[in-house]
Amino acid sequence: QSEQLRRLEIETANLRLIKTMADRLAHEVGNAMVPLSTHQQLLAEKYKDPEFRASLDTALAEGVKRVTRLVNQMRFLARDALTTSEPIPLSPLIEEAYQEARKYQPVKTAQLKYENGGKPVFITGDRAALKYALTEVMINALQANPAEPKVGVRLEADSGTASLPGLQIEVQDNGGGFTPEAAQKAVLPFFTTRNVGLGLGLTVTRKIIETHHGKLEIVPPKTGRNGIIRISLPMDSLAAG
């Protein structure tokens, strides 16, 4: 009876999660569809208007971008194992992830500062998944200070104590740092401080990193310090560069 009760509790919790996800997903897709629907209704009447066509182009690009991000989040959440595993040079992966993140925060003044100690670093894993995980972390960093978005990425060898040595990737934003509440809840499903998105970005990132036998951490906030997210990968995920 105790085991049956435990299973029922898990099923009930999963159903609540599915209900919340369905509600949030429907809301976010609906928001993405509003400008597309508006332009579709005016298409026949205003298509020859250059200003309308420019507006339509923007609406299509934004709608595709938002829905594509949702699709990717659902796809990576559904995966429980690596689909591919290959040696990946980390520097170009970080640059690609940064450029992808900028599509969601297109500010001309955005900057990336990357410190790797002057040595090429390779990691082994699913390239598409790791790129997506880094992209979500960088989107979070760029959104921390939209007026002056800066992303700092620093690599550091992790000697480790209780676990095998490995690599740490620290991503620092240019914002006011995480609040204690955000630091505790940031990787939980549907937690967000913004009015757009599902609040699944760091949840998906954590799952991808854990699938690679790594760890995602929100560095405890300090007064007056920028926010830092740390990704740790174990030594057996590294290859010599």
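What counts, and where the lines are drawn
Residues numbered from 1 in each chain as written. Predicted model: local features only at pLDDT ≥ 70, side-chain atom pairs only at ≥ 80, totals over all residues. Heavy atoms only, no water. Salt bridge = Lys/Arg side-chain N within 4 Å of Asp/Glu carboxyl O. Helix = DSSP H or I, 4+ residues; strand = E, 2+ residues; numbered from the N terminus. Buried < 20%, exposed > 50% of the residue type's maximum accessible area, 1.4 Å probe, protein only. pLDDT = per-residue confidence, 0-100. Contact = heavy atoms within 4.5 Å. 1 Å grid on protein atoms, 1.4 Å probe; cavity = no way out; pocket = protein on both sides within 12 Å on 5 of 7 lines; lining within 4 Å. Points joined across faces, edges and corners; volume = space filled by probe spheres on them. Nonpolar A, V, L, I, M, F, W, Y, C, P; charged D, E, K, R; others polar.

K.L.:
Mind laying out the pattern of salt bridges, listing which residues take part and the relevant values?
P.N.:
Inspection of every chain in the model, using the stated rule, returns 17 salt bridges. As a salt-bridge pair, Lys131 and Glu96 come within 3.9 Å of each other at their nearest N and O atoms. Of this pair, Lys131 sits in helix 4 (residues 127–143) while Glu96 is found in helix 3 (residues 90–102), placing the two residues 35 residues apart along the sequence. Since its relative accessible area comes to 23%, Lys131 is described here as partly exposed. Salt bridges sharing common partners tie together Arg154, Glu156, Glu170, Lys215, Glu217 and Arg230.

K.L.:
Let's hear about the confidence of the model for the chain: which residues, and what values?
P.N.:
Residues shown with low pLDDT carry predicted positions that ought not to be read at fine detail. Here the chain averages 85 in pLDDT, while 91% of its residues score no lower than 70. Mean pLDDT across the elements of the chain bottoms out in strand 8 (residues 238–239) (49) and peaks in helix 3 (94). Segment residues 237–241 is flagged for pLDDT under 50; beyond a separation of four residues in sequence, or across chains, it makes 13 contacts in the model.

K.L.:
Residue-level account of the environment of Arg75, with values.
P.N.:
Relative to the elements of secondary structure, Arg75 occurs in helix 2 (residues 50–78). Counting along the chain gives 54 residues from Arg75 to Ala129, while the straight-line C-alpha distance between them is 10.0 Å.

K.L.:
I'd love a proper account of empty space enclosed by the protein, names of residues and values included.
P.N.:
To find leftover empty space, a probe the size of one water molecule is rolled over the atoms. What the rule picks out here adds up to two cavities of 30 Å³ or more. Computed from the structure, the largest cavity encloses a volume of approximately 80 Å³. Lining the largest cavity, in full, are Phe76, Arg79, Ala81, Leu82, Asp126, Ala129, Lys207, Ile208, Thr211 and His212. Among the elements that take part in the lining of the largest cavity, helix 6 (residues 201–211) stands out by supplying three residues, more than any other. Residues belonging to the lining of the largest cavity are distributed by class as follows: five nonpolar, two polar and three charged. Empty space within the second largest cavity amounts to approximately 40 Å³. Elements with a minimum of two residues in the lining of the second largest cavity: helix 3, helix 4 and strand 7 (228–234). Residue composition of the lining of the second largest cavity, by class: nine nonpolar, no polar and no charged.

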